[in-house]
Amino acid sequence: GVVADIQFADAEDGHDFGGCRRRYYRHSLRLLREAVRAWAGESPPIDFVLQLGDSIDGQNARRGEAESALQQVLEVLGQLSVPVHHAWGNHELYNFSRARLVQSGLYSRPAGGSDGPPDRECHAYHCSPAPRLRLVVLDTYDVSTLGTEPGSPRYQESLRVLREKNPNDDLNSPEGLKEPHFVAFNGGFSQAQLDWFDEVLKFSDENQEKVIVTAHVPIHPCASNGVCLAWNYEAALSVIHAHGCVVCVLAGHLHDGAYCRDSHGVHHLTLEGLIETPPDTNAFGTVHVYEDKMVLKGRGRIPDRVMRF
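Residues numbered from 1 in each chain as written. Predicted model: local features only at pLDDT ≥ 70, side-chain atom pairs only at ≥ 80, totals over all residues. Heavy atoms only, no water.

Applicable threshold: UniProt positions are given in the numbering used here, feature names are shortened, and annotations may be inferred rather than shown by experiment.
In the nomenclature of an unreviewed UniProt entry, the protein chain is known as Manganese-dependent ADP-ribose/CDP-alcohol diphosphatase of Hylia prasina. In UniProt, the protein chain has this text filed under Sequence similarities (unreviewed entry): "Belongs to the ADPRibase-Mn family." You can read under Subunit (unreviewed entry) in the UniProt record for the protein chain the words "Monomer."

Structure follows, in structure tokens:
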């Protein structure tokens with residue numbers, strides 16, 4: 001099962017930051033319940049769910065409702081008897097510090113140290129849900145000013161990277177930027193995470209595995225609108241393209257969704273966001289993985305898609 005940008009809040013409908021896109025905060029939880037009911041009835045049964053980030057909306061922090069909103073989302077997903085893999089998005093980090101997220105139900109990185117980078121606050125990990133298939137969850141806010149203490153080395157380094165590219169008073173504004181993805185609501189990858197990612201893909205190459213990568217922020221410009229893109233996406237793409245095992249990258253963040261197949265044959269699918277989905281439709285999907293292709297059966301705003309390897 002796949003779903004992105006639920007952004008639940010117990011609030012009346014609102015709009016995006018530009019004031020022109022409607023957001024259905026309260027209805028998103030009802031649509032998630034519909035998705036869970038559909039997944040529970042799938043035949044053959046689903047093996048796991050990918051929640052691609054922004055499970056609750058940033059306004060919960062202002063309303064003092066972050067914990068209760070998250071609990072409601074996790075309770076709905078908890079009705080499934082399969083694992084849920086969570087990516088961390090900017091809205092999680094508007095509500096919680098990274099240290100708090102490690103202690104939350106959104107920390108789906110397994111216990112132990114061998115499945116992810118040495119930094120336990122980096123929410124990246126890998127697992128093998130089926131023979132010769134590997135899932136890699138990346139942390140696209142490993143380098144970010146969000147969710148970190150302003151005095152911390154992580155914050156200072158992230159602010160330096162951002163300020164180098166973005167001189168605007170409002171760091172969330174891409175106005176006038178040569179590289180408009182250098183805004184605060186995006187983030188990037190540390191070198192440590194990239195090195196770890198490279199080792200995982202080396203292992204998968206050697207063991208003839210196919211790899212599905214998930215992240216909140218897209219890592220290919222053609223699966224983006226040019227703004228919703230990881231800061232150092234080129235570095236992540238370089239790691240992927242140095243190996244032959246990655247077949248697909250699944251992301252959220254861009255509520256319109258997008259798709260491309262890159263020059264190395266890797267599919268980049270950005271899912272439409274649940275939060276901007278009217279109550280009379282939906283936005284989730286079920287992915288069937290075969291030896292030679294992935295077949296997405298979409299619901300509502302998400303179209304069906306066949307991605308051949």
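What about the pattern of salt bridges?
The cut-off we apply is this: Salt bridges are identified by distance alone: a Lys or Arg side-chain nitrogen within 4 Å of an Asp or Glu carboxyl oxygen. Residue burial is assigned from relative accessible area. The probe radius is 1.4 Å, only protein chains are included, and a residue is buried under 20% of its type maximum, exposed over 50%, and partly exposed in between. Every helix listed is a DSSP run of H or I at least four residues long, and every strand listed is a run of E at least two residues long, numbered separately from the N terminus.
One pass over the structure, following the stated rule, counts 20 salt bridges. Residue D115 pairs with R109 through a salt bridge whose shortest N-O separation is 3.4 Å. One exposure class covers both D115 and R109, and it is buried. The partner of D119 in a salt bridge is R154, with the nearest N and O atoms 2.7 Å apart. Of this pair, D119 sits in the loop between α5 (98-102) and β6 (125-130) while R154 sits in helix α6 (residues 153-165), and the two are 35 residues apart along the sequence.

Considering the sheet that holds strand β7 (residues 133-137)
Operational definition: Two strands make a pair as long as DSSP finds a minimum of two bridges between them. Each axis is a line fitted through C-alpha atoms, and for a helix only the stretch in contact is used; angles between axes span 0 to 180 degrees, taken between their N-to-C directions. Two residues qualify as a contact provided that any one of their heavy atoms is within 4.5 Å of a heavy atom in the partner residue.
One open sheet holds the six strands; their spatial order is β6-β7-β8-β9-β11-β10, and the pairing between them is mixed. Of all the strands in the sheet, just β6 and β10 (258-261) have a single pairing partner and so form its edges. Neighbour-to-neighbour, the strand axes of the sheet open up by a mean angle of 15°, direction not taken into account. In this structure, β6 lies alongside β7, joined through four bridges in antiparallel fashion. By the bridge assignment for β7, C127 is matched with L135. Contacts from helix α7 (residues 191-206) reach β6, β7, β8 (210-214) and β9 (246-251), with the element oriented near 175° to β7.

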